[in-house]
Amino acid sequence: MKILELLKKNYRKVYVPVPSYWNYSGLKMNGEIKKINIFDLMINTIEDYVPGNRSVPLPGSLDQAVIYGAFIRTTTAFDFDGDNRLRTRDRYGLRETGTILRMFLLFPLLKKMGVNMVYLLPVTSGSRQFRKGRAPSPYACKNFFKIDEELYDPMLGEYSEEKLEILFREFVDTAHSLGIKVMVDFIPRTAARDNDLILDHPDWFYWIKKEFEKDFRPPVIEGVPFTSYDKKYVKQIYSSSQTREFLKKFSVSPDRIDRKKWLHLVKKVKKENIPDFMGLISKEFGLTTVPGFSDVINDIQPLWTETSFLRMFMDLPVDSARFVGRNQPPYALFDIIKSSKAPGRKPNHGLWNLISSVLPYWQKQFNIDGVRIDMAHALPVKLEERILKTAVKVNKNFILIAEELDNRNSAKAARAGYHAIIGNFWAVEPRWKDGNFKNVFENDTPHLKLPLMATSETHDTPRTVSRPGKDRFYYFSLVLNYFLPRTVTFINTGFELRESHPMNKGLDSAHADIHGLAWWDLNYGKMALFDYTCLHWKTNNEKAIRLMEYCQGLLKEYPEIKQSGRSRLISTGHPYILSFFVPVRNDILLFAANSDMNRGHKFLLNLPFPPIRDYDVLLSTHVYRRKNRFSDERAGKRISIKMNGLIIKMKRSEVLVLRVRSV
């Protein structure tokens, strides 16, 4: 491996504190920190743990996937010099913010958790302009074809783009050798407000007069509810006085104002390699790119001040054109940024060709295995089709996940060519009160045409332990999400450490408290997507990770659990109890879960299979939380056989897994 050669070439003795979670030879999950020569650790991990030519099979389908969602900058960050700051270069010459190289140290832990697929938040180069915090947002993409240089590790020597690409390629190759696929996030609808494309294609962006930037916001449309854009609201949107004032803020692109001055500016920027060319554009033309905002009408969500919209059509939406004056400059509004529902007649072919070439580039250069497409629901339908087709043409097994949050749209996503959707379990699992999660699970699961992500948190949501039920809900969701039918197990980075601090406040933000930590905590008041943050690697969460390991062992022993079409729901008639079963060889695995975090419940579970002879309790989360054992005889005493069913007395927040034998 080239990176191994570079590590040895730049070898130094640098003894720094390192989390025991990262030490493959003495892997502990107790939060212990030990001083170690980090060069030795990295070299030994690659030489001893990575199997080389001994390849482990990759997961054949999403049915068997356990996905770990990583944000490299945060996931592998660590304050090595102990000054309570994360530096891109500390006094040891180390980069304390996360690097691709240190992802190699996480492979042993991920394997223990059963992970066989890593999903990376954007690794493309991020913009340093218009930042919300100290760090660039991963969703403010500066260049679709470059890796963010901050993910490079100075342990490999002086930075070069070539070495960074080698590093990422060998990370993917190493993951493959360990039986782990690698997916990335792709953002085709928006880009950084100073994206590199601006210099050659200023008309691919929307421009506003600089004077309006400070107080810029989308119009509030009276009489229209908080709702996603629909063409039935077109007249109300464009009849609004706020919309008329809003449209006045836009301008034609700077090259249309003064072509000669624009070409001179571009030549100067490229010749002198000026990074902040937006400042120069603002000074020379009095313009800036429009900040991003939600396509939901009357959304109170803050502006996406670090990103801007790409111009998908060179004309106005068909339904809106008659409401806009002939001399109106190009603008962004709810309809235009939801071009799946409001297309124009003149596609921006140059932009579409470029966007369609992004995934094939990453596939061929780095051999990635899949992608989640951000906001695909808002793209022009034909562009979305082209993106999917070009990716599958390169690799027919390429995994495509849609950022579709409505379970009812799984059939639509399936027809488009996706293999899974995000879904809404991240939102409904925490809403266990009044049986909300149980109802959605029973009502939606039978109708899903694609699997959705089984998770109680994502990088955009509050953390699991901050939700009602806290620790009890954490263990409940941990176990259940390994086994739920028609789902893909998804572990958000930090879940394995019981993190309470949110990475972003994009969704369900009421429970996302960025000031919930002690004021001296390095992460206090920060969000990972906009600042330099780290996971709390000093946390002892061995108990939870052992439970993950056990759940993964059950999946390995009984692969039928997650095979499509094998599971059957059991209607319990109880507001909090959900249940399903899976035939496995000559037995049946029965799953029952009490989604009430406050009370235990006794109920009769009628079973749609032959009478039961006997059963074994394979797992009880109640027993495990109390006694650190997966089951004991007392768990079985709370279950009794009655005719064609079981009478079960379940503890609050308990998940039970039984192996049942019929007569």
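One can find the structure itself at the top, above this paragraph.
Below: a short report on this structure.

Scoring rules and cut-offs
Throughout this description, residue numbers start from 1 for each chain and increase along the sequence as written. Under the rules for a predicted model, residues below a pLDDT of 70 receive no local features and side-chain atom pairs below 80 are neither given nor counted, while totals for whole chains, interfaces and linings still include all residues. Side-chain calculation: all heavy atoms of the structure are included, whereas hydrogens and water are not. We call two strands paired when DSSP finds no fewer than two bridges between them. The helix count covers DSSP runs of H or I at least four residues long, the strand count covers runs of E at least two residues long, and both are numbered beginning at the N terminus. In this description, a nonpolar core means a group of buried Ala, Val, Leu, Ile, Met, Phe, Trp, Tyr and Cys residues linked to one another through side-chain atoms lying within 4.5 Å. The rule is simple: take the accessible area with a 1.4 Å probe, protein chains only, and divide by the maximum for that residue type; under 20% is buried, over 50% is exposed, in between is partly exposed. Only heavy atoms enter the contact rule, under which two residues are in contact if any of them lie within 4.5 Å. Whether two aromatic rings pair depends on their centres lying within 6.5 Å, for rings of Phe, Tyr and Trp, where Trp uses its six-membered ring; planes under 30 degrees apart make the pair stacked, over 60 edge-to-face, and the rest tilted. By definition, being over a ring means that NZ of Lys or CZ of Arg is both within 6 Å of the ring centre and within 35 degrees of the ring normal. Like charges within 9 Å and nonpolar side chains (Val, Leu, Ile, Met, Phe, Trp, Tyr) within 5 Å are joined into patches, using only residues over 30% in relative accessible area that form no salt bridge. The accessible surface values rely on the Shrake-Rupley method and a 1.4 Å probe; as for residues, cover is taken only from the protein chains in view. We define a salt bridge as a side-chain nitrogen of Lys or Arg found within 4 Å of a carboxyl oxygen belonging to Asp or Glu. Positive: Lys, Arg. Negative: Asp, Glu. His and the chain ends are not part of the count. Working definition for charges: the position is that of NZ of Lys, CZ of Arg, CG of Asp or CD of Glu. For helices, the fitted axis covers only the stretch in contact; all axes are lines through C-alpha atoms, and the angles between them, taken along N-to-C directions, range from 0 to 180 degrees.

1. Re the sheet that holds strand β12 (residues 287-289)
Within a sheet, adjacent strands bond to each other through the backbone by hydrogen bonds, running parallel or antiparallel.
And step 1. Taken in spatial order, the three strands line up as β11-β9-β12 in an open sheet, and their pairing is antiparallel. Sheet topology places β11 (250-251) and β12 at the edges, where each strand pairs with a single neighbour.
And step 2. Looking at chain direction, strand β9 (residues 207-209) and β11 are connected through two bridges and run antiparallel. What sits directly across from Ile208, in β11, is Phe250.

2. Some points on the nonpolar core
And step 1. If you look at the biggest cluster of nonpolar residues, it comprises 147 residues, and the most contacted ones within it are Leu120, Phe168, Phe171, Tyr482 and Phe483.
And step 2. Sort the elements by how many residues they give to this core and helix α18 (residues 470-483) lands first, with nine residues.
And step 3. Residues contacting Phe168, with those up to four places away along its chain left out, are Ile100, Leu120, Val123, Ile147, Val184, Trp362, Phe366 and Ile368.
And step 4. Formed by 28 residues, the second largest nonpolar core is a distinct cluster that contains Tyr229, Ile237, Phe293 and Ile337.

3. A closer look at the environment of Leu590
And step 1. Along the chain, the position of Leu590 falls in strand β22 (residues 587-594).
And step 2. Linking Leu590 and Lys210, residues 380 residues apart in sequence, is a C-alpha distance of 62 Å.
And step 3. With residues up to four places along the chain from it excluded, the contact list for Leu590 reads Ile570, Ser579, Phe580, Phe581, Leu605, Leu607, Leu646, Leu656, Val657, Leu658 and Val660.

4. Considerations on the packing of aromatic side chains
And step 1. Applying the stated rule across the entire model yields 41 aromatic pairs.
And step 2. Here the aromatic rings of Tyr11 and Phe39 are separated by 6.0 Å at their centres, their planes lie at 70°, and the arrangement is edge-to-face. One end of the pair, Tyr11, is in the loop between α1 (2-9) and β1 (15-19); the other, Phe39, is in helix α2 (residues 38-49), with 28 residues separating them in the sequence.
And step 3. Here Phe246 and Phe293 contribute two aromatic rings whose centre-to-centre distance is 6.3 Å and whose plane-to-plane angle is 85°, an arrangement assigned as edge-to-face. Within this pair, whereas Phe246 is found in helix α9 (residues 241-247), its partner Phe293 is found in the loop between β12 and β13 (296-297), the two being separated by 47 residues in sequence.
And step 4. Through successive ring pairs, a cluster of aromatic residues spans Phe216, Tyr238, Phe246, Phe250, Phe293, Trp304, Phe309, Phe323, Tyr331 and Phe334.
And step 5. Lying over the aromatic face of Phe285, Lys261 brings its terminal NZ or CZ to 5.3 Å of the ring centre.

5. Topic: a positive patch on the surface
And step 1. Side chains of Lys602, Arg626, Arg634, Lys637, Lys649 and Lys651 sit close together on the surface and give a patch of like positive charge.
And step 2. Along the polypeptide, Arg634 turns up in helix α21 (residues 633-637).
And step 3. By relative accessible area, Arg634 is classed as exposed at 57%.

6. Examining the sheet that holds strand β27 (residues 655-662)
And step 1. Spatially, five strands are ordered β20-β21-β22-β27-β24 in an open sheet, and the strand pairing comes out antiparallel. Each having just a single partner strand, β20 (568-570) and β24 (612-620) make up the two edges of the open sheet. Each adjacent strand pair in this sheet contributes to an overall mean axis angle of 25°, direction not counted.
And step 2. As paired strands, β24 and β27 are joined by seven bridges and run antiparallel to one another.

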